Amino acid sequence: MLFDQISNDIKDAMKAKDKVRLETLRNIKKYFLEAKTAPGANDTLTDENALKILQKLAKQGKESASLYVSQNRQDLADDELAQVAVIETYLPKKMSETELEAALREIIANVGATSMKDMGKVMGTATKQLAGKAEGSAISTIVKKLLA
């Protein structure tokens, strides 16, 4: 489980005196604990939900870094990007555009989509199957291209 892995990696980061990794992992664990103790969570955190949290944190980190760059604060941007790099080690590898297009062709065939009218059906299936492996905007762009 991701929750246990993060907990163990915190210990390793402490032993290694890896300050950035330790700080990032502690932050991730804080969000994981909040999700576990949220109403209705029954003190559990599935890997699927943990991945969603990690993706959200990585996206927020990248957005913060670009904001810092626009404000000429490269030092703060570098700190954010260092944390994003740690988070991304726990995320599934992103698909290449070629891999994504092949997967989407298969999904379109399975769903039986033939035109842009079927985009909703395709997107619903694709976003579930490709969660964490591709950005929603990239999926959408390729689906439009394939259905057009």
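Residues numbered from 1 in each chain as written. Predicted model: local features only at pLDDT ≥ 70, side-chain atom pairs only at ≥ 80, totals over all residues. Heavy atoms only, no water.

(A) Main features of the packing of helix 6 (residues 119–129) against helix 7 (residues 136–147). Packing of helix 6 against helix 7 brings their axes to within 10 Å, and their N-to-C directions diverge by 140°. The angle between helix 6 and helix 7 falls in the class oblique. Here the hand of the crossing between helix 6 and helix 7 comes out right-handed. Contacts from Met119, Val122, Met123, Ala126 and Thr127 of helix 6 reach helix 7 at Gly136, Ile139, Ser140, Val143, Lys144 and Leu147. Among the residues making up the contact of helix 6 with helix 7, the classes are represented as 7 nonpolar, 3 polar and 1 charged. (Axes fitted to C-alpha atoms, helices over the stretch in contact; angles between N-to-C directions. Helix = DSSP H or I, 4+ residues; strand = E, 2+ residues; numbered from the N terminus. Parallel < 35°, antiparallel > 145°, perpendicular 65-115°, else oblique. Left-handed = near helix turned anticlockwise from the far one by under 90°. Contact = heavy atoms within 4.5 Å. Nonpolar A, V, L, I, M, F, W, Y, C, P; charged D, E, K, R; others polar.)

(B) Main features of the side chain of Glu101. Mapped onto the fold, Glu101 is located in helix 5 (residues 97–111). Glu101 sits in the buried class, given a relative accessible area of 17%. A polar contact of 3.1 Å, which involves the side chain of Glu101, links it to the side chain of Lys145. Apart from the residues within four sequence positions on either side, Glu101 is in contact with Ile142, Lys145 and Leu146. (Buried < 20%, exposed > 50% of the residue type's maximum accessible area, 1.4 Å probe, protein only. Polar contact = N/O pair within 3.5 Å; in protein donor to acceptor, adjacent residues only side chain to side chain.)

(C) Examining the nonpolar core more closely. Counting residues in hydrophobic clusters, the biggest one holds 20 residues, and the most contacted among them are Ile6, Leu25, Ile28, Phe32, Leu54 and Tyr90. Those elements giving two or more residues to this core turn out to be helix 1 (2–16), helix 2 (19–36), helix 3 (47–70) and helix 4 (74–88). Sequence-distant contacts of Ile28, that is, excluding residues within four places in its chain, are made with Ile6, Leu54, Leu57 and Ile87. Residues Met119, Leu130, Ala134 and Val143 belong to the second largest nonpolar core, which totals 16 residues. (Core = buried A, V, L, I, M, F, W, Y, C linked by side-chain atoms within 4.5 Å.)

(D) Quick peek at helix 7. Helix length check: helix 7 (12 residues) gives 16 Å between terminal C-alpha atoms against 16 Å at 1.5 Å per residue, within 8%. For helix 7, the complete set of buried residues consists of Ile139, Ser140, Ile142, Val143 and Leu147. Check the buried side of helix 7 and you find it contacts helix 5 and helix 6. (Expected span 1.5 Å × (residues − 1).)

(E) How the structure looks around the pattern of salt bridges. Across all of its chains, the model carries 7 salt bridges by this definition. The salt bridge partner of Glu88 is Lys62, with a shortest N-O separation of 2.9 Å. Residue Glu88 is found in helix 4, and its partner Lys62 is found in helix 3; the two are separated by 26 residues along the sequence. Among the ionic pairs, Lys121 bridges to Asp118, the shortest N-O distance being 3.9 Å. The exposure class assigned to Lys121 is partly exposed, which follows from its relative accessible area of 47%. Residue Asp118 is classed as buried on the basis of its relative accessible area, which comes to 14%. Because the salt bridges share partners, they merge into one network encompassing Glu101, Arg105 and Lys145. (Salt bridge = Lys/Arg side-chain N within 4 Å of Asp/Glu carboxyl O.)

(F) The environment of Ser137, seen in detail. One can find Ser137 in helix 7. A sequence separation of 10 residues divides Ser137 from Thr127, and the C-alpha atoms of the two residues are 10 Å apart.

(G) Fine view of the packing of helix 2 against helix 4. Packing of helix 2 against helix 4 brings their axes to within 9 Å, and their N-to-C directions diverge by 65°. Note that helix 2 runs across helix 4; the crossing there is right-handed. Residue-level inspection shows Val20, Arg21, Glu23, Thr24, Leu25 and Ile28 of helix 2 in contact with helix 4, the latter providing Ala82, Gln83, Val86 and Ile87. When grouped by side-chain class, the residues that make up the contact of helix 2 with helix 4 number 6 nonpolar, 2 polar and 2 charged.

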